[in-house]
Amino acid sequence: MIRVIAVNELRRRIRDRSMVITCIVAPLVLAGILGFAFGGGSAGGTVRIGVTGATPTLISAAERAVQPPHTVVIVPVRQARVLKREVADGTLGGGVILTGHHTSLPDLLIPIVAPGATHSPGFEVVDRADALIGQEWSESLAAALASRLYAGHVQAGSTADLATISLTIGSHDLGNGGRTVLNYFAPSIAVIFLFIGSGLGMRSLMLERAAGTLVRMAAAPVRPLSIVLGKMLAILITGLTSIFVVWGVTTFVFGADWGDPLGVFVMCVGASLAMCGLGVFLTSLARNEREAFGVALIVGLFLSLLGGNLLPPGSLPQFLQVLSLGTPNGWSLVGFGRLSLLGDPARSVVGPFLALCAIAAVTAGLAWPRVRRMVRP
Amino acid sequence: MCRGLRKHFGSRAAVDDVSFSVAAGECYGLLGPNGAGKTTTISMVCGLLDPDEGTVTIDGAPGGSLEAKAAVGYVPQDLALYPDLTARENLEFFGQLYGLSGKGLATRISETLALVGLSDRGGDRIGSYSGGMKRRANIAAGLLHQPRLLILDEPTVGVDPQSRNAILGTVGSLGIAVLYTTHYMEEAAKLCQRIGIIDDGRFIAEGTPHGLIDQHGGQDRVRITFGPAASEVMTKASRQLNGVREVRPIEGGLELTTDHGPGVLPNVVRAAGQLGVELSGVEVVVPDLEGVFLSLTGKELRD
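Residues numbered from 1 in each chain as written. Chains lettered and ligands numbered in written order. Predicted model: local features only at pLDDT ≥ 70, side-chain atom pairs only at ≥ 80, totals over all residues. Heavy atoms only, no water.

A look at the interface of chain B and chain A
Opposite the 28 residues of chain B that make contact, chain A presents 23 residues. Both sides of the chain B and chain A interface together cover about 2,400 Å² of buried area, and 58% of this is carbon and sulfur. When residues of chain B are sorted by the area they lose upon contact with chain A, Leu48(B), Tyr82(B) and Leu97(B) head the list and together hold 27% of the total. The interface formed by chain B and chain A includes 2 salt bridges. In this structure, Glu92(B) and Arg11(A) form a salt bridge, with 3.2 Å as the shortest nitrogen-oxygen distance. Counting every contact that joins chain B to chain A gives 8 residue pairs in polar contact (both at pLDDT 80 or more). Counting only elements with at least two residues in the side of chain B that touches chain A, the list comes to helix 2 (66-71), strand 6 (72-75), helix 3 (87-97) and helix 5 (131-143) of chain B. Broken down by element, the side of chain B that touches chain A gets its largest block of residues, 6 residues, from helix 3 of chain B. Broken down by class, the residue content of the side of chain B that touches chain A amounts to 17 nonpolar, 5 polar and 6 charged. (Contact = heavy atoms within 4.5 Å. Buried area = accessible area lost by both parts, 1.4 Å probe. Salt bridge = Lys/Arg side-chain N within 4 Å of Asp/Glu carboxyl O. Polar contact = N/O pair within 3.5 Å; in protein donor to acceptor, adjacent residues only side chain to side chain. Helix = DSSP H or I, 4+ residues; strand = E, 2+ residues; numbered from the N terminus. Nonpolar A, V, L, I, M, F, W, Y, C, P; charged D, E, K, R; others polar.)

Laid out in C-alpha cells, this is it:
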C-alpha cells in the first residue's frame, strides 16, 4: 500500500510538472551555477594568475606541477606593486609574490601543507574575496612553487633535514584548503536544496487534506502509517533524484569529485531520510499548508546557516561548530566532506549516516502523534 | 448497524444518541438541515471519526476496522479526486487502495465508468470535467470496489438538474445498501425506503416516507382565493362540505383542512359556482417531508 501511495504521489508530481522542476530543472540550474562559479569550465573566460619574484625556470616547473587547464594562464609580473594592482582591478584572477624570505625548510612547507595559511614566510598570496577560482589557483601555484624550492634545498636521498623539521600550523592559519571549492559547495548546496524539497514536499499531506482526497484515503482500508510512509517514500525518491542530478552534472560536466561513489550514495540516502523526517516534523507543527511552507523555508535557512551549508563550519565559533552537529545539514557535510575533501573511503561515512538515520527516526517519531490526527480528519 | 452514537466537539454535542440500521439492498435516507449532524454521523460510520459513545457495526465488523472500511464505499460531500489525473487514473489509485489490481481493476474501472455515464470521458483529466461529471466520477470512486454499503454525503448539492437526475438514477439502480444524506426532501422521498430525520444532532423520527407523512405530516389543505365580497358566504358554504375539517381565512381567500384534498376540491369549485363566486385561484397542498420536519421541529428543513 505504501508503494501505491508513493507511485500516485509521484504520478501527480510528474503530471503537474513539479517533479520535473524539483528533480531535473532546478538541480540542473543549481549544478550549472555551481559548476560555472567554481568549476572553472565556464564562460568566465581565461583566469590569469600572476607571479612575481620567481625565475622563469621555477615558474615553468611549478606550472608543470600544477597542471592548470587551458583556461588558467600563469604569467610572470615584474613588480609586486603591479601584481597587486592588477589583482585588485580584476586584470589578474590572483597572484603569488615571492618575497625572498623563505630561508628555512619549515617555511617552505607551509604553502604545501596549509595552502591559504594567513602567514607563510616568503610567500604572499594575493587574491580577492569575490574571485574564488583565482584564489584557489594562486594557492595551488604557491604550493607548487614552494615544493620546487623545497626540492632544490634537499639533496636526493637525504632525510636528515626532514627529521629536524618541526612545523606547527594552527587552525586559525588555515584558509580554504587546496581542493577545488566545487567539491565542497556542490554537496553543500545540494543538501540545502534537498531540505527545501523535503520540507515543502510534506505539504502534500495538508494540500490533500484541504482537497478532500485525504478523507477518501482515510476511509479506505489503509492504515494512517501507510499513508504517511507512502508520502515520505515519494519525497525520498524526489530528493534522491534531485541530489543525484546535482552529483552527476557537477561530476561529469564540471569535473567535481564528491569522493567514493558508494559513500556518496549512502550519504545521499542518509541526508534524504533525515530531511524527510524533519519535513514530517515541521509539517506536523503547522496549521495549514501556507504555514508549513513558511516554516520549511525559515527552518531550512536556519539549519543551512548553522549546519555549514552557507558558511563553512570551520569559519564558525567553536560552540556553533558543536551545535552544527545537531543538524542534519551538519552531519551531511561531515560525511560529504570526509569523502570529497579528505578522500576517505565509503566506510568513513557510516557514523554520519547513522546520525542522519537517528535524526530521521527522532523527528518522525515526534511528529507521528500529530500527523496521525492529521491523516484522520 | 449503529447504536447510541454520541460525538462532542468541545461542549457542543454534534451527534447525540443516534441509532439506526440499514438492511442489505435498502436505501436509507438521513434527512436534516445543514449542521444537523449528518456528516458527523456518517464520518463515524466510515471510521473517519471515533464516537465518544456508541458502536458501529458493518457487515459484522466493528466500525473503523479495516474489514469494515473495505465493506464501505464512501462518497464525500466535496469532490475528492485529483484534478490533474484522468478519471481512469483516479479510479486506478482508489481501486488499488481497496486491494483491486490487474485485469480485475481494469474491468471494474470500465464497468463503473459506464454505470455513471463517463465511459467516453474516462481518459480526460478530472479538472476538465463539468460540475455534474465531477460528481458522477466522485460516486464512481465509491462504487469501484463493489461495497456492501455505499455512503453518499449530499451528492447532489450544487449540481444541475440533468446531472442530479443522472445521479439519482444511478443510485436508485444499485441494489446495494445505501446510506444517503441530504437536505432535499424530494430526493429522500424518491430514493429511500426508510428515512431517519436528524436535527441538532438528535434523531427525532424514523420510518418510511409515507409512514412519516401519515404520522407527522398533518392533513391536506385546499386554498382558494376570490374577491373580498364573497368571504362570508364562501366560509359558510365550505364548512358544510363533506370531508372539510377546518376552515380558516388567509390573505385573499380561505384555507380548508381536509383528509383528502383532491377529493374535496371539485366540491369546493361546484359550491362557488352555485353561489356565483368567481374563484381567482385554487391550490391543493399535500403534506410532505418538509411538513413532517416542520411539524416535528417547528422550523423549515432548509433553515
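Quick look at the packing of aromatic side chains
Taken as a whole and judged by the stated rule, the model has 9 aromatic pairs over all chains. Here Phe20(B) and Phe203(B) contribute two aromatic rings whose centre-to-centre distance is 5.9 Å and whose plane-to-plane angle is 20 degrees, an arrangement assigned as stacked. With Phe20(B) in strand 2 (residues 12-20) and Phe203(B) in strand 10 (residues 202-207), this pair connects stretches of sequence that are 183 residues apart. Each member of the aromatic cluster is reached from another via a ring pair, and the members are Phe244(A), Trp247(A), Trp258(A), Phe265(A) and Phe336(A). Positioned above the aromatic ring of Phe94(B) is the side chain of Arg216(A), whose terminal nitrogen or guanidinium carbon lies 5.5 Å from the ring centre. (Phe/Tyr/Trp six-rings, centres within 6.5 Å; stacked < 30°, edge-to-face > 60°. Lys NZ or Arg CZ within 6 Å of the ring centre and 35° of its normal.)

Considering the pairing of strand 9 (residues 194-199) of chain B
In the case of a regular strand, side chains alternate between the two sheet surfaces. All names here are of chain B. With 5 of 6 residues buried, strand 9 lies mostly within the body of the structure. Relative to strand 9, strand 3 (residues 27-31) runs parallel, the two sharing 4 bridges. Each residue of the ladder has a partner; that of Gly-29, found in strand 9, is Ile-195. Pairing geometry for strand 9 and strand 10, over 5 bridges, is antiparallel. Bridging across to strand 10, Gly-196 finds its partner in Glu-206. (Buried < 20%, exposed > 50% of the residue type's maximum accessible area, 1.4 Å probe, protein only. Pairing = 2+ DSSP bridges.)

Some words on a nonpolar patch on the surface
Residue and element names in this part refer to chain A. Taken together, the side chains of Val-20, Ile-21, Ile-24, Val-25, Leu-28, Val-29 and Ile-33 define a hydrophobic patch exposed on the protein surface, amounting to about 570 Å² of accessible area. Along the chain, Val-25 turns up in helix 2 (residues 18-39). What makes Val-25 partly exposed here is its relative accessible area of 40%. (Patch = residues over 30% accessible without salt bridge, like charges linked within 9 Å, V, L, I, M, F, W, Y side chains within 5 Å. Areas by Shrake-Rupley, 256 points an atom, 1.4 Å probe, with all protein chains shown as cover.)

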